[in-house]
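Listed below, chain by chain, are the residues.
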Amino acid sequence: MDNNSEKIERRTEEDGVIFMSIKNEDDTVNVSSDKDITILAIESSCDETAAAVVRNGREVLSNVISSQIALHTIYGGVVPEIASRKHVEKINGCVRAALSEAGLTLEDIDVIAVTYGPGLVGALLVGVSEAKALSFVTGKPLVGVHHIEGHICANYIEDKNLKPPFMCLVASGGHSHLVYVKDYGEYDIIGQTRDDAAGEAFDKVARAIGLGYPGGPKVDAAARQGNPDAINFPRAKTTEKSYDFSFSGLKSAVLNYLNQAEMKGEEVNKNDVAASFQKAVVDVLTEHTMEAAKEYGCKKIAIAGGVASNTSLRERLQSECEKQGIAFYRPSPVLCTDNAAMIGAAAYYAYKKGIVADLTLNAVAVETLYNE
Ligand code: KG4
Ligand code: ZN
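For every chain, the first residue of the written sequence is number 1, and numbering continues from 1 along that sequence. Labels follow written order: the first chain is A, the first ligand is 1, and so on. Confidence filtering applies because this is a predicted model: local features only for residues at pLDDT of at least 70, side-chain atom pairs given and counted only at 80 or more, and all residues used for totals across whole chains, interfaces and linings. Calculation of side-chain values draws on the structure's entire complement of heavy atoms; hydrogens and water are dropped beforehand.

> Got a minute to help me understand the sheet that holds strand S5 (residues 142-146) in this structure?
Read from one edge of the open sheet, five strands run S3-S2-S1-S4-S5, paired in mixed fashion. The open sheet terminates on both sides in strands that have one partner only, identified here as strand S3 (59-67) and S5. Strand-to-strand twist of the sheet, defined as the mean angle between neighbouring strand axes without regard to direction, takes the value 20°. By this definition, two strands are paired if DSSP reports at least two bridges between them. Think of it this way: any DSSP run of H or I at least four residues long counts as a helix, any run of E at least two long counts as a strand, and we number them from the N terminus. In the sheet, strand S1 (residues 38-43) pairs with strand S2 (residues 48-55) via six bridges, with the strands oriented antiparallel. Within S2, the position partnered with Thr38 by the bridge is Arg55. Here helix H4 (residues 121-138) sits on the sheet in contact with S1, strand S4 (111-117) and S5, set at roughly 155° to S4. Here helix H12 (residues 341-352) sits on the sheet in contact with S1, S2, S3, S4 and S5, set at roughly 125° to S1. Between N-to-C directions, angles cover 0 to 180 degrees, with each direction set by a line fitted to C-alpha atoms, over the stretch in contact for helices. Between two residues, a contact is recorded if the distance between any of their heavy atoms is within 4.5 Å.

This is the structure we're talking about:
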């Protein structure tokens with residue numbers, strides 16, 4: 001274990017918190033509650049270089065995203081080494097643009113925030129190094145933010161009145177988590193994927209039916225032209241009473257269906273495959289989320305992560321929540337996929353609790369670090 005890991009506040013799963021911002025035990029800060037806090041936030045965990053300025057956790061003054069999607073499309077997925085190099089090229093420009101769009105200079109910033117993990121380690125390191133350099137030269141405090149916590153906090157930006165507790169479904173390319181948000185910065189992870197993340201399944205199925213990368217939005221669009229009841233793909237059940245997910249069986253079922261059709265020389269209706277696959281994913285995500293909200297007595301459900309921009313998932317959860325008298329929160333699509341505004345929102349609540357990092361802050365690739 002390196003020095004930095006020792007500085008990560010550790011709690012066990014029993015304590016209910018298994019991811020959180022980085023805390024430097026010797027250097028917590030007292031934050032006066034009435035002063036405005038303006039945060040410059042940086043995100044570079046995967047294929048978006050992003051910088052944003054966020055005031056008091058909820059007000060976005062700028063949200064700059066430089067997407068590398070076009071670059072990775074030719075390879076059919078994100079190439080980590082290319083992503084890191086592109087982040088190096090883009091990061092200074094994104095930070096400058098975020099400040100100038102907000103009409104501010106570095107002097108107006110109170111806190112520098114950055115995603116430290118999980119993600120591609122080489123990509124994360126670019127943002128972490130940038131944030132540490134900015135913190136060092138300006139003397140402003142540094143806050144390290146967990147990427148999934150950032151996704152959840154996108155909901156605070158979208159709905160200024162949302163307060164914990166609530167149930168949050170986080171579904172993205174790398175994660176599928178069901179999280180009970182007990183309070184700001186306090187989380188119970190009550191379910192997660194045992195294999196592929198939901199977004200990963202979307203991307204792999206899209207590739208198999210020839211829709212290309214990134215798969216989620218393309219499957220979403222194709223599904224609108226197809227029949228969701230055309231093919232009965234399996235809905236994975238993990239053990240009874242578990243909120244865990246499993247999507248690799250579903251992905252294999254789609255691949256088998258395509259292979260068999262090819263062997264028989266039958267033509268496949270891609271839109272029907274997309275719609276039936278999407279329905280299977282949405283059914284499972286919706287059922288688990290609704291059951292969890294019921295068990296925890298939640299009157300609020302939120303969604304987060306790239307897959308949260310899926311039209312069908314948003315409609316299904318909206319309608320189930322209406323039926324059950326539950327308030328439904330979903331960030332606009334630009335706040336669902338990776339962005340730095342959500343990192344600024346998460347950093348605000350961490351900073352208010354006096355959680356800051358020092359210059360030993362390091363990139364962490366694997367999220368399960370906190371479960372050990
Ligand atoms: O949150 P995100 O931008 O990055 C990660 O943290 O992983 O999520 C990206 C994922 C990709 O797998 C992408 O295919 C998926 O979100 N996605 C969607 C949609 N838009 C993006 N999946 C389903 N439907 C969509 N409309
Ligand atoms: Zn993400």
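> Just checking my understanding: could you explain the layout of surface pockets for this structure?
Definitions used for this entry: grid spacing 1 Å over protein atoms alone; cavity, a set of points where a 1.4 Å probe fits but cannot get out; pocket, an open set with protein on both sides within 12 Å along at least 5 of 7 lines; lining residue, one with an atom within 4 Å of a point. Grid points are joined across faces, edges and corners, and a volume is the space filled by probe spheres set on the points. Of the voids in this model, the largest pocket is the one considered here, and its volume is about 1,000 Å³. As for the largest pocket, its lining consists of 40 residues, of which Cys46, Ser172, Gly173, Gly174 and Asp203 are closest to the centre. Elements with a contribution of two residues or more to the lining of the largest pocket: S3, helix H5 (147-158), helix H6 (198-208), helix H7 (215-223) and helix H11 (333-336). Gly counts as polar in this scheme, as do all residues outside two lists: the nonpolar Ala, Val, Leu, Ile, Met, Phe, Trp, Tyr, Cys and Pro, and the charged Asp, Glu, Lys and Arg. Residue composition of the lining of the largest pocket, grouped by class: 14 nonpolar, 17 polar and nine charged.

> Help me out: how do you make sense of helix H3 (residues 80-102) in this one?
Since there are 3.6 residues in each turn of an α-helix, residues three or four apart along the chain are aligned in direction. An ideal rise of 1.5 Å per residue puts 33 Å on 23 residues; H3 measures up with 31 Å between its terminal C-alpha atoms. The rule is simple: take the accessible area with a 1.4 Å probe, protein chains only, and divide by the maximum for that residue type; under 20% is buried, over 50% is exposed, in between is partly exposed. Those residues of H3 that fall on the buried side of the exposure criterion are Ala83, Ser84, His87, Ile91, Cys94, Val95, Ala98, Leu99 and Ala102. Among the structural elements, S1, S2, S3, helix H2 (69-73) and H4 are those in contact with the buried residues of H3. Looking one or two residues beyond H3, the residue adopting positive phi is Gly103, at roughly 70°. To estimate the expected span of a helix, count its residues, drop one, and scale the result by 1.5 Å.

> What is the right way to read the sheet that holds strand S9 (residues 300-304) from this model?
The pairing of strands in a sheet happens through backbone hydrogen bonds and is either parallel or antiparallel. Reading across the sheet, the five strands line up as S8-S7-S6-S9-S10 and stay open at both edges, with mixed pairing between neighbours. Each having just a single partner strand, strand S8 (186-192) and strand S10 (327-329) make up the two edges of the open sheet. Neighbouring strand axes in the sheet, compared pairwise and without regard to direction, differ in orientation by 20° on average. Note that strand S7 (residues 176-183) and S8 share six bridges and pair antiparallel. Within S8, the residue paired with Val181 across the bridge is Tyr187. Across the sheet, H5 is in contact with strand S6 (166-171), S7, S8, S9 and S10; its angle to S6 comes to roughly 125°.

> Where do I start with unusual backbone geometry in this structure?
For residues other than glycine, phi is negative in most cases, and the peptide bonds are mostly trans. With omega at -5°, the peptide bond leading from Gly117 into Pro118 counts as cis. Locating Pro118 in the fold gives a position in the loop between S4 and H4. A cis amide bond links Pro164 with the next residue in sequence, Pro165, at an omega value of 5°. Residue position: Pro165 is located in the loop between H5 and S6. The phi dihedral of Asn56 is positive, around 50°, even though this residue is not glycine.

> Looking at this structure, how should I read the nonpolar core?
Looking at soluble globular proteins, one finds that nonpolar side chains tend to be buried together. Core analysis: the biggest nonpolar cluster contains 47 residues, and Met167, Phe233, Phe277 and Leu285 have the highest contact counts within it. Looking at this core, the elements with two or more residues in it are S6, S7, H6, H7, helix H8 (248-263), helix H9 (270-295), S9 and helix H10 (311-324). Once you skip the residues sitting within four places of it in the chain, Leu285 turns out to touch Leu169, Ala198, Phe245, Phe247, Val307 and Leu313. Among buried residues, those of type Ala, Val, Leu, Ile, Met, Phe, Trp, Tyr and Cys that are joined through side-chain atoms within 4.5 Å constitute a nonpolar core.

Any functional reading would require information that these geometric values do not contain.
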